[in-house]
There are 2 protein chains.
Amino acid sequence: MRTSQYILATLKETPSDAEIVSHQLMLRAGMIRRVASGLYTWLPSGLRVLRKVENIVREEMDNAGAIEMLMPVIQPADLWEESGRWSEFGPELMRFTDRHNREFALGPTHEEVITDFVRKEVNSYKQLPLTLYQVQTKVRDERRPRFGVMRAREFTMKDAYSFHMSEECLNNTYQAMHKAYCNIFERLGLDYRPVIADTGSIGGSVSHEFHVLAESGEDAIAFSDGSDYAANIEKAEALAPTEPRADATKELKAFPTPDAKTIEELKKHYGVKPHRSVKTLIVYGSPDENEQRGLVALVIRGDHELNELKAEKHPLVDSPLEMAKEADIIAAIGAKPGSLGPVGLTMPIIVDRTANVMADFVAGANKDDEHFSGINWDRDVTNYDVADIRNIVEGDPSPCGQGTLQIKRGVEVGHIFQLGTKYSEAMKAGVLNEDGKNQVMTMGCYGVGVSRIVAAAIEQNNDKYGIIWPQSIAPFDLAIVPMNMHKSHRIPDIANSLYQGLKDAGVDVLFDDRKERPGVMFNDMELVGVPFTLVIGERNLDENKVELKNRRTGEKLMIDIDTAIESIKAAMQA
Amino acid sequence: MRTSQYILATLKETPSDAEIVSHQLMLRAGMIRRVASGLYTWLPSGLRVLRKVENIVREEMDNAGAIEMLMPVIQPADLWEESGRWSEFGPELMRFTDRHNREFALGPTHEEVITDFVRKEVNSYKQLPLTLYQVQTKVRDERRPRFGVMRAREFTMKDAYSFHMSEECLNNTYQAMHKAYCNIFERLGLDYRPVIADTGSIGGSVSHEFHVLAESGEDAIAFSDGSDYAANIEKAEALAPTEPRADATKELKAFPTPDAKTIEELKKHYGVKPHRSVKTLIVYGSPDENEQRGLVALVIRGDHELNELKAEKHPLVDSPLEMAKEADIIAAIGAKPGSLGPVGLTMPIIVDRTANVMADFVAGANKDDEHFSGINWDRDVTNYDVADIRNIVEGDPSPCGQGTLQIKRGVEVGHIFQLGTKYSEAMKAGVLNEDGKNQVMTMGCYGVGVSRIVAAAIEQNNDKYGIIWPQSIAPFDLAIVPMNMHKSHRIPDIANSLYQGLKDAGVDVLFDDRKERPGVMFNDMELVGVPFTLVIGERNLDENKVELKNRRTGEKLMIDIDTAIESIKAAMQA
């Protein structure tokens, strides 16, 4: 491709509305342009990357025995009513009516359509297991689309679905998909981690997310430094401390705290160390036997954070978790948030495992502007339940039993689920089993955020000059930059001949034949992130050499023109 | 691919709701399944064909210098308001509002989005000409979706747009695209014709449609038997007859016709030959100088058909053409349709060129149940206008001046337009010209109905056994059908070894390893339309032979196992 016959569309300035580096660089490097909130046009360079990602995903799916098909983007409401998601799914589901006033949605995912397909086409256990996939445009009406294609409303996804006669068979395919996903991210050249994940609204039991590690990632991931264990922080278990609770040594004593509504203020104004205090959070739950909605207190150590997903899994707590309104708290306790604590509460109390080993600690006195010190469990508070309800922190022991946990940030780019029978049961998707009886199929589903990978790859691979693409997904393998091409015959002749030779050798070359100053061309090629630049200049030509520059290492190699193509191919494979 | 690990999904019965052969065969051969009206899932075999078509289209676009990009399916209403099409486009435009109540549409075409893109990215004449394209899912909310993917609501299209500084430059690109389209259809292996077309609602002046010829085609195309001339029948000019009008020989004479309301009945009951009578059609128009809406009479020979597109281009006739209501006709003329004619009419009369050379002809007397015979222009009817307002018929002289016209039917699969400045002017898409002044760009647009091509190819290539794919787009190049594989070791060994050898040689093979009777397997492979079948049977193996069958010709070739792969490759290239 010659730049003169291409749309490079690089920008010098960083667009002010782009908050994260991948969004900034995708705009500056001419990868995408915004059409409307969360809707983007992929420019030629961006599309080249997107297609390379797509193809790697496709090849690994095919290798794993999955079969490609293509379902419509537009889905009829009746299928979603069968699964129950027409009412469950929030406003993220883009709904509309057609000219005959029939209801449809733009698919954010295709469990319903594929389950309907398989229940019609597959009749016998002999046709299973079966894994079907598609690479497709998906739609989610995000409340706040942002970060460019990282959280867009229209995006490209690979979604696969598997069908089985047993959990065991599902597990085999799940493991094969796990392996295929690892192969994909290896081939993409990204630093990634599969992490144990929450199954969320898709349903099912076992689930892993695949994260591309990047400091700017939205998700926090907990890793063991002594094993392969990795889990989304939402899901990582905080083990009970192994040391026993210390004995009580202090008296329960109230003290005035007019200036402390938070753990931070308690430290600042009254010298209470956060890890010597507890936070008491009041949420809604159904503590009564007759399931009347009431209040439940959650107690965690002052320096810890509540893990809402863990809390809402507790049988006493309503799901989704909802913090109690101040009026309800005052009515029940007689004090405002900021002075709450477990002592004297009449509602059910759930104490985090770590808070449970504390002794002589500080908490609100359930009286405005007053706290207690010297609180001790069992002596001052009886009738409480102990559970894991906090986020892990760095240094916690790993739940796998080996090593301690570290936290890194990641961008979620893949998610695999063992769905079980959630959809097949609701939609009556059964086949005849070996005994000739109808049996509901067991399902798995497997997603890759294809367009999101492009952004995640940039989050992980960039510097102040621009993008540093992994070779496997770079828009071009190499850029030819002839210096002052229009001042000599020799330079264009050699540039053209190398361009043709490299193309013939299967190298994806961008030939920068614009009448621009060398500096402008270098900057553009670094911004776009082309892995190698071949610089052709008068001085080196005198020695029959050209210069090959590696974008990632900055390394410059002088190579002989006569063997340039072999040298370049060798450098690309190094 | 092994059928045991695939979804062949062939059907024995012809689905009752499929009206045309391509729709029937796409369902029966396991290419598509209906999800809802006009919405289809592409099964693995169908998707393989679709992707092969896509790739040929893409390669020819790249060869012609067009650059691929990808715009969103969801388009904001404001761009369509700028072009004026938000109000112009009918209910085919699938509109909806997002969660913030902003208006959007699902793109049936992308003139607005691309014009917006180019006006922002391109500033100078130096960056032009530029041709951009995409291969994408498009949406049209068809009033009556039918014929499977032939007229679906969601479909795959290649749409390209070009931008220029002059009509001449546009014309060059237009010719290059015309050539690229010819290359595409040649490579697809289809019998096709580029035909002169009407520009319709897209706008612009010059336009060609590309039709795949098939008896079931929706469109009628007029061809010259003496030149390359071809035009959509809507657009083909009916030349004025070269023979002069005969002299009047008969008197104008009324005769009662109580049993004739149509040309057919006039012939049946009163012996009037259709080509000796005229039809008089009353439509709405604006005949007055003050543009009051009134009635206009259109007169064509009894055996001809009105061409509405031609008629509505006449300045006196309202566009879109609308037939007058019976009440308005009776009020103006005093007679019902069925007894109308040009004699004595006070409204403007437009006479077709061929009707204009008639003499001594028959028409209604503008009195119920009465006709005139012996009508002659100028003597009996004065004050009329002559124009081409009829469809051409076979045998008409070609408008190109060479040969006479034949009519064939075709399926429109491509359409190219010289748009001119319709969109760029409305959306103020200008660049700086050589004089440093802002100049509105001139545009072209070029569409290919990618998914429609799949159906059109079947309409043209099928027999009573199923589809006969052109090799270039067949889902598989060859099927291996081992007979009674499970009764011997020799057959599976040879089948497996040939399967592997063919795959290694780059042949797209379907290995039918099901435990089915040979007849079932042969029928399925013929239905799916695999171009070659390799039959492996005990008897031939005794002579070290296998049988290669050509789906199109039915030819069977005995080939040596040891050189089977070379023989097969040779047969495929023949």
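Structure shown above.
Residues numbered from 1 in each chain as written. Chains lettered and ligands numbered in written order. Predicted model: local features only at pLDDT ≥ 70, side-chain atom pairs only at ≥ 80, totals over all residues. Heavy atoms only, no water.

Chemist: Pulling in residues and values, what's your account of the overall build of chain A?
Modeler: Broken down by element type, chain A carries 15 helices and 30 strands. Structurally, chain A occupies a C-alpha span of about 90 × 70 × 50 Å along its principal axes. When each of the 574 residues of chain A is scored for burial, the buried share is 58%. Here the contacts in chain A between residues at least 6 apart in sequence split such that 68% fall between residues at least 24 apart. Accessible area of chain A: about 24,100 Å², with a carbon and sulfur share of 46%. (Helix = DSSP H or I, 4+ residues; strand = E, 2+ residues; numbered from the N terminus. Buried < 20%, exposed > 50% of the residue type's maximum accessible area, 1.4 Å probe, protein only. Contact = heavy atoms within 4.5 Å. Areas by Shrake-Rupley, 256 points an atom, 1.4 Å probe, with all protein chains shown as cover.)

Chemist: So what's going on with the nonpolar core? Which residues, and what values?
Modeler: Of all hydrophobic cores here, the largest spans 112 residues; its most connected members are A:L106, B:M61, B:L106 and B:W469. By residue number, the principal contributor to this core is helix α6 (residues 167–188) of chain B, which donates nine residues. Contacts of A:L106, omitting those with residues within four sequence positions, involve A:V73, A:I74, A:L93, A:M94, A:F96, A:V139, B:I74, B:F96 and B:L106. Core analysis: the next-biggest nonpolar cluster, separate from the first, contains 100 residues, A:I32, A:V53, B:A77 and B:A429 among them. (Core = buried A, V, L, I, M, F, W, Y, C linked by side-chain atoms within 4.5 Å.)

Chemist: Just give me the short version of the relation of the copies chain B and chain A, but keep the residues and values in it.
Modeler: For these two chains of identical sequence, chain B goes onto chain A by a turn of 180 degrees and a shift of 0.1 Å along the axis, with RMSD 0.1 Å. The superposition of one copy onto the other is thereby described by a two-fold rotation axis. Relative to the rotation axis, the closest C-alpha in chain B is found at B:F96, a distance of 2.9 Å. Looking at chain B, 100% of its interface residues are interface residues in chain A too, so the copies touch through the same face. (Least-squares fit on C-alpha atoms with pLDDT ≥ 70 in both.)

Chemist: I'd love a proper account of the sheet that holds strand β18 (residues 370–375) of chain A, names of residues and values included.
Modeler: Residues and elements named next belong to chain A. Strand order across the open sheet formed by three strands is β13-β18-β17, with antiparallel pairing between neighbours. Edge positions in the sheet fall to β13 (253–256) and β17 (361–364), since each has one partner strand and no second. Averaged over all pairs of adjacent strands, the angle between strand axes in this sheet comes to 30 degrees, irrespective of strand direction. Where β17 meets β18, three bridges bridge the pair, whose relative direction is antiparallel. Bridge pairing in β18 links F361 to I375. (Pairing = 2+ DSSP bridges. Axes fitted to C-alpha atoms, helices over the stretch in contact; angles between N-to-C directions.)

Chemist: Go over the environment of A:S451 with me, naming the residues and quoting the values.
Modeler: Residue and element names in this part refer to chain A. Relative to the helices and strands, S451 resides in helix α11 (residues 450–460). You can call S451 buried: its relative accessible area is 2%. Note: C-alpha distance between S451 and R151 (300 residues apart in sequence) is 9.7 Å. Setting aside residues up to four positions removed in sequence, S451 forms contacts with W42, L50, V149, F155 and T156.

Chemist: Could you give me a rundown of the sheet that holds strand β16 (residues 349–352) of chain B, with the residues and numbers involved?
Modeler: All names here are of chain B. An order of β14-β15-β16-β19 is seen for the four strands of this open sheet, with the pairing classed as mixed. If you trace the sheet from one side to the other, it starts and ends with β14 (278–285) and β19 (385–387), each paired once. Put simply, the sheet's adjacent strands are angled 30 degrees from each other on average, direction ignored. Taken together, the three bridges between β16 and β19 define a ladder with parallel strand orientation. Bridging across to β19, V351 finds its partner in V386.

Chemist: Explain the pairing of strand β14 (residues 278–285) of chain A to me, using residue names and the numbers behind them.
Modeler: Residue and element names in this part refer to chain A. For β14, the tally of buried residues reaches six of eight residues, placing the bulk of the element in the interior. Strand direction decides the pairing type here: β14 and strand β15 (residues 294–301), joined by eight bridges, are antiparallel. Across the sheet, residue K279 finds its bridge partner in β15, namely I300.

Chemist: I'd like a rundown of the packing of aromatic side chains, residues and numbers included.
Modeler: Remark: the centre distance and the inter-plane angle together describe each pair of aromatic rings, the angle taken between the planes. All names here are of chain A. In this structure the tally under the stated criterion is 23 aromatic pairs over all chains. Note on W80 and F89: the rings are 5.5 Å apart at their centroids and 80 degrees apart in plane angle, and the pair reads as edge-to-face. Judged by relative accessible area, F89 falls into the buried class, the value being 14%. It is K408 that lies over the ring of F223; its NZ or CZ is 5.9 Å from the centre. (Phe/Tyr/Trp six-rings, centres within 6.5 Å; stacked < 30°, edge-to-face > 60°. Lys NZ or Arg CZ within 6 Å of the ring centre and 35° of its normal.)

Chemist: Talk me through the interface of chain B and chain A; I want residue IDs and the actual numbers.
Modeler: With 52 residues of chain B in contact, the opposing surface of chain A contributes 52 residues. Of the roughly 4,400 Å² buried where chain B meets chain A, counting both sides, 65% is carbon and sulfur surface. Looking only at chain B, the three residues that lose the most surface to chain A are B:I7, B:L70 and B:R99, adding up to 15% of its buried area. The tally of links between chain B and chain A comes to eight salt bridges. When the shortest N-O distance is used, the salt bridge between B:R33 and A:E121 registers 2.5 Å. Along the contact surface separating chain B from chain A lie 18 residue pairs in polar contact (both at pLDDT 80 or more). Among the residues making up the side of chain B that touches chain A, the classes are represented as 32 nonpolar, five polar and 15 charged. (Buried area = accessible area lost by both parts, 1.4 Å probe. Salt bridge = Lys/Arg side-chain N within 4 Å of Asp/Glu carboxyl O. Polar contact = N/O pair within 3.5 Å; in protein donor to acceptor, adjacent residues only side chain to side chain. Nonpolar A, V, L, I, M, F, W, Y, C, P; charged D, E, K, R; others polar.)

Chemist: Could you give me a rundown of the packing of helix α2 (residues 44–63) of chain A against helix α6 (residues 167–188) of chain A, with the residues and numbers involved?
Modeler: All names here are of chain A. Axis separation between α2 and α6 bottoms out at 9 Å; the angle between their running directions is 145 degrees. Crossing of α2 against α6: the hand is right-handed. Residue-level contacts link V53, I56, V57, E59, E60 and M61 of α2 to M177, A180, Y181, N183, I184, R187 and L188 of α6. By residue class, the composition of the contact of α2 with α6 is nine nonpolar, one polar and three charged. (Left-handed = near helix turned anticlockwise from the far one by under 90°.)

Chemist: Summarise unusual backbone geometry; cite the residues concerned and give the values.
Modeler: Here A:L128 and A:P129 are connected by a cis peptide whose omega angle stands at -5 degrees. Take A:P129: it is sitting in the loop between α5 (111–121) and β7 (130–139). The phi torsion at B:N383 lies on the positive side, around 60 degrees, for a residue other than glycine. Among the secondary structure elements, B:N383 is positioned in the loop between β18 (370–375) and β19.

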